[in-house]
Amino acid sequence: MVKLHDNFKKLLQIYKFSSNIIGTPLLLSRCVPSYQNRHEIRFKTSGAGERALQERQRQHMARGLPKQKPIAGVKEVIVVASGKGGVGKSTTAVNLALGLMANDQSKSVGLLDADVYGPSVPKLMNLKGNPELTDNNLMRPLVNFGMSCMSMGFLVDEVAPIVWRGLMVMSAIEKLIRQVDWGNLDYLVIDMPPGTGDVQLSITQNIPIAGAVIVSTPQDIALLDARRGAEMFRKVNVPVLGLVQNMSVFQCPKCNHQTHIFGSDGAKELAHTLGVELLGDIPLHLNIRETSDKGQPVVVSSPNSPEAEAYRRVAAAVVRRLAKQVK
């Protein structure tokens, strides 16, 4: 019986350790038998013993995680993420970055496309070509509209599929972050890949991040994954600045009738549930799609349009949230 008891003690430690890492408890109730006799196994520890175990777990995890190191010359990093693809995350990231510059022209902003498998920034920013190297063997970002940009799309053929395993992707992300001459930036906006996988963990564990912006449509399916994304950032201690409700409403260009194709106020309700701010609503508008496809983002190509103003409001809300965190 002693041997069995020791095995279950080890199982309990594994359970608690895994729960701290991934935030999802294992279903012990399915694997731990219940004994209704004098040999009943109890998972009870004293307060001091529990604290000691937690401290050992914390030290163990700290040894296994990389230490965060700021990006040279970059003051604040903002990540733009979504739980799933197809919600307009990259378009939002590009126009958010340009909106930060439009709202305050004294600020310098860079854009990093961290979506290794499906880079969109080259198309959205109308950029092509390979980065040049500095004397220090660092890549120089490509520049358009006054903004420095880096993407895996600059390093491979436009139509070439990137068929890499996780370790190669992590190595590529490390190079895009550390081996780029970003110069001096007030903000570096990172367009994250969709989901909550290796790239997200690698970036959040390696560099200090000022905050995360979660992009979602009002549709229930998208909101489920948006919530997972927000919870993931909380698990890794990255502040969630708020949600952007993209494709919030469609307005007919002929009769101006408004239709909520993906539902209404879904992201607003999720923001309330999570206790974060709704940073703004972006309409489903033909002008956004056309300017994006041309590589002329709406914030710079149609600065006086309501769509551009919507992105600038989001950018202003992000800056406001960052300022509150400093206080």
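Rules and cut-offs
- Residues numbered from 1 in each chain as written.
- Predicted model: local features only at pLDDT ≥ 70, side-chain atom pairs only at ≥ 80, totals over all residues.
- Heavy atoms only, no water.
- Salt bridge = Lys/Arg side-chain N within 4 Å of Asp/Glu carboxyl O.
- Helix = DSSP H or I, 4+ residues; strand = E, 2+ residues; numbered from the N terminus.
- Buried < 20%, exposed > 50% of the residue type's maximum accessible area, 1.4 Å probe, protein only.
- pLDDT = per-residue confidence, 0-100.
- Contact = heavy atoms within 4.5 Å.
- Pairing = 2+ DSSP bridges.
- Core = buried A, V, L, I, M, F, W, Y, C linked by side-chain atoms within 4.5 Å.

Visitor: Would you mind showing me how to read the pattern of salt bridges here?
Guide: For side chains of opposite charge, pairing can occur when their charged atoms come near one another. For the structure shown, the criterion picks out ten salt bridges. The closest approach of N and O atoms between Glu309 and Arg313, which form a salt bridge, is 3.9 Å. Placement of both Glu309 and Arg313 in helix α11 (residues 306-326) is noted, with a separation of four residues, approximately one turn of the helix. The exposure class of Glu309 is partly exposed, given its relative accessible area of 32%. Salt bridges sharing partners connect three or more residues here, namely Glu277, Arg320 and Arg321.

Visitor: Explain the confidence of the model for the protein here, please?
Guide: Low pLDDT means the predicted coordinates in that region are not meant to be read closely. The share of residues in the protein with pLDDT of 70 or more is 82%, and the mean pLDDT across the chain is 82. The model gives residues 14-44 a pLDDT under 50, and that stretch makes 35 contacts with residues more than four places away or in other chains.

Visitor: Honestly, the pairing of strand β2 (residues 109-113) in this entry has me stumped. Any pointers?
Guide: Here is the key point about a regular strand: its side chains alternate between the two faces of the sheet. Within β2, five of the five residues are buried, leaving the element largely enclosed by the surrounding structure. Neither face of β2 is exposed, since Val109, Leu111 and Asp113 on one face and Gly110 and Leu112 on the opposite face are all buried. Bridge analysis of β2 against strand β5 (residues 185-191) gives five bridges, and the strand direction is parallel. Looking at β5, one finds that Gly110 is bridged to Leu188. Where β2 lies against strand β4 (residues 147-151), four bridges are found, and the strand directions are parallel. Its bridge partner lying in β4, Gly110 is registered against Ser148.

Visitor: For this particular structure, what's the right way to read the nonpolar core?
Guide: Formed by 83 residues in total, the largest nonpolar core has its most connected members in Ile190, Ile203 and Phe233. In this structure Ile203 touches Ala114, Ile173, Ile177, Ile190, Met192 and Ile209, once residues within four positions along its chain are discounted.

Visitor: What is the right way to read unusual backbone geometry from this model?
Guide: Trans is the prevailing form of peptide bonds, just as negative phi is the prevailing case for residues other than glycine. Residues other than glycine seldom take positive phi values, yet Asn137 does so here, at roughly 65°. With respect to the helices, strands and loops of the structure, Asn137 is situated in the loop between α4 (121-124) and β3 (142-144). Judged by its relative accessible area of 53%, Asn137 is exposed. In this model, Met247 sits at a positive phi of 55°, which is unusual for a non-glycine residue.

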